[in-house]
Structures are given as C-alpha cells and as structure tokens.
Amino acid sequence: MSIVIAIDGPAGTGKSTVARAVAAKLGLEYFDTGATYRVAALHCLREGINLNNTDDVAAMVSTMNVEMRLDPANPVVVLDDEDVSRLLHTDTISLIVSDVATNLAARAVLGDMQRRVIAASRKGAGIVAEGRDITSVIAPEAEVRVLLTADDEVRVARRAGDGADPVTVREAVLGRDRKDATVVEFHTAADGVVQIDTTDLTIDEVVLAVVRLAEAQLAEEASE
Ligand SMILES: Nc1ncnc2c1ncn2[C@@H]1O[C@H](COP(=O)(O)OP(=O)(O)OP(=O)(O)O)[C@@H](O)[C@H]1O
Ligand SMILES: Nc1ccn([C@H]2C[C@H](O)[C@@H](COP(=O)(O)O)O2)c(=O)n1
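Bear in mind that the values here come from a model prediction, so they are computed numbers and not experimental data.

**What to know about the site of ligand 1**
For step 1, the next point in the chain: Lys 15, Ser 16, Thr 17, Arg 159 and Leu 201 are the nearest of the 17 residues found near ligand 1.
For step 2, the next point in the chain: Residue Gly 12 places a main-chain N or O atom 3.0 Å away from an oxygen atom belonging to ligand 1.
For step 3, the next point in the chain: Side-chain polar atom of Arg 159 to an oxygen atom of ligand 1: 2.9 Å apart, as the coordinates give it.
For step 4, the next point in the chain: For ligand 1, whose accessible area on its own is 630 Å², the fraction buried by protein is 81%.
For step 5, the next point in the chain: Taken together, the elements giving at least two residues each to the shell around ligand 1 come down to α1 (15-26) and α7 (152-160).
For step 6, the next point in the chain: Counting residues per element, the shell around ligand 1 draws most heavily on α1, at three residues.
For step 7, the next point in the chain: A class-by-class count of the residues in the shell around ligand 1 yields four nonpolar, seven polar and six charged.

This is the structure in structure tokens:
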C-alpha cells in the first residue's frame, strides 16, 4: 500500500519545511517540484538562453540531464553529475524562476517528469510532493491533498527571517506569486483539497495536521 501526499500553496507558506518533515515521519520520499523549475532556470542561465525566448527555454528543459534524489533527510538535485542543490535558492534564481514556470511548453515537460517521479514512488511506500499544481494538475488522484496558506505579510516576514534583503524578499515572495498565478491556481483549494491556514500555527502544528490526515487515510485503506 502506497500513499501520495500532495501539498500546494503560495511562496513562504511552509510547503518544503512541512513536506520534508511529514515525509521523514511517515517514511516516504520527498519531492520538491519547485526544484525542477529552479534547476531548469539554472540550466538556461548557464547555457546563455534568453528566458523570454519560450521555444529555446522549452527545448533546453526537454534535453537537460537532471536527477532528483528524494531522501527527506538529504534531498539533492543533480544537474549533469553536479550536485546543484545549494545553487537553487539564491536571489538570482528566485527572481528568474517564474520565467520558466510561466512558460507553458516548459511546464508540460517538467510536469511529465514530475508525474513519472510520483508514479515510480507508488512501487515503494509513497511520496510527499509539494509545489503549486500538485493537488490540481499533476497528482489530483493523490490520497491526501493539502493547500497551505498564510497572510502575505507573515510569508514575507518568514523569508526575511532567513536573513535576506527586504525589497528582494518581497519581490521573491509576492511578486513571484503574482507571476506564477497567471498560469496556475494556488490560492484557492480545489474540490477535495484540505486548506490549512498556517498564519498562526507553528511548523510542528502544521506537520501534525498533515500527518493526521495521512494516518486517517491509511487507516481507512487498511479497513477496506
Ligand atoms: N508555520 C510556520 N511558522 C513559522 N515559520 C514557518 C512556518 N512554516 C514555515 N516557516 C518558515 O518560513 C520559511 C519558508 O518556509 P518554506 O521554505 O518551507 O516555504 P515554502 O512554502 O516551501 O516556500 P517556497 O514556495 O518559496 O519554496 C522558512 O524559514 C520556514 O522555516
Ligand atoms: N508545481 C510547481 C512548483 C513550483 N512552481 C514554480 C513557482 C515558483 O516560482 C518556482 C519555484 O518554486 P518554489 O521552490 O519556490 O516552491 O516554481 C510551479 O509553477 N509549479
């Protein structure tokens, strides 16, 4: 019996933090689908591709050589045999990644990759996959589907707490959301998706809420 837990939400709602912790607690793989967009942006940058040229970006994305390692204790993104995980959350990548995420041809390529990763996890215990369109487009069949939300200012403050420049942070959170929301809905829960407003919750409280949803689902399946 495997389980897929899909978690979506705007930037800074805690998706990565919560998804990793839930995966570790339940012995599942962890899949940061945002990292597929980030590594695609890095690859295009390195190859000198103009991110406004949608055809060139899509072609570059469809031939890039990426491996996602899904251990929640140590998730790694490998590009052409190089561990690039630490390069994916720089301001440079955060400020350009939406150019890839709003490229519909690139989304189709990366979406196929994401579906393959999630399908492969079904051979094992399962996976926690987080992003923007996992509950609605990539894995609408997931056993547990959650939308995390939080007030805008709280999300900006969380990111500023990581030590970055305030203007850049605001753009990398709210500005990026505005661009990303032109191609995918991640502010409103689709039918059957459980919304958790994390504004006044601790990380542990959010993790517990998702673990409870998963345990309820596993118990229901076991009793069938
Ligand atoms: N419930 C919470 N309370 C306080 N801080 C939180 C909470 N959830 C997450 N954080 C903190 O907010 C910051 C952003 O969290 P995280 O990276 O998990 O968000 P995200 O939704 O994955 O963002 P992005 O989509 O930009 O990758 C981190 O510093 C994290 O520790
Ligand atoms: N399923 C997804 C995952 C991510 N994105 C976009 C949105 C972000 O701008 C970018 C990086 O995501 P993050 O690492 O900040 O979660 O990728 C998307 O459109 N769909």
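**Re the site of ligand 2**
For step 1, the next point in the chain: Of all residues adjacent to ligand 2, which total 14 residues, the nearest are Arg 38, Arg 107, Asp 133, Arg 176 and Asp 180.
For step 2, the next point in the chain: Residue Arg 176 places a side-chain N or O atom 2.7 Å away from an oxygen atom belonging to ligand 2.
For step 3, the next point in the chain: Between ligand 2 and the protein, one listed contact pairs an oxygen atom with a side-chain N or O atom of Asp 180 at 2.6 Å.
For step 4, the next point in the chain: In the complex, 98% of the free accessible area of ligand 2, which totals 450 Å², lies under the protein chains.
For step 5, the next point in the chain: If you list the elements that add at least two residues to the shell around ligand 2, you get α2 (34-46), α4 (91-101) and α8 (166-180).
For step 6, the next point in the chain: Here the shell around ligand 2 is composed, by residue class, of four nonpolar, four polar and six charged.

**Re the UniProt feature "binding site: ATP" (unreviewed entry) in the chain**
For step 1, the next point in the chain: Look at the UniProt record and you will see "binding site: ATP" (unreviewed entry) annotated at Gly 9, Pro 10, Ala 11, Gly 12, Thr 13, Gly 14, Lys 15, Ser 16 and Thr 17.
For step 2, the next point in the chain: Along the polypeptide, Pro 10 turns up in the loop between β1 (3-8) and α1.
For step 3, the next point in the chain: Classification of Pro 10 by relative accessible area gives buried; the value is 3%.
For step 4, the next point in the chain: With respect to the helices and strands, Lys 15 occurs in helix α1.

Parameters at a glance
- Residues numbered from 1 in each chain as written.
- Chains lettered and ligands numbered in written order.
- Predicted model: local features only at pLDDT ≥ 70, side-chain atom pairs only at ≥ 80, totals over all residues.
- Heavy atoms only, no water.
- Near = heavy atom within 4 Å.
- Polar contact = N/O pair within 3.5 Å; in protein donor to acceptor, adjacent residues only side chain to side chain.
- Areas by Shrake-Rupley, 256 points an atom, 1.4 Å probe, with all protein chains shown as cover.
- Helix = DSSP H or I, 4+ residues; strand = E, 2+ residues; numbered from the N terminus.
- Nonpolar A, V, L, I, M, F, W, Y, C, P; charged D, E, K, R; others polar.
- UniProt positions renumbered as here; feature names shortened; annotations may be inferred.
- Buried < 20%, exposed > 50% of the residue type's maximum accessible area, 1.4 Å probe, protein only.

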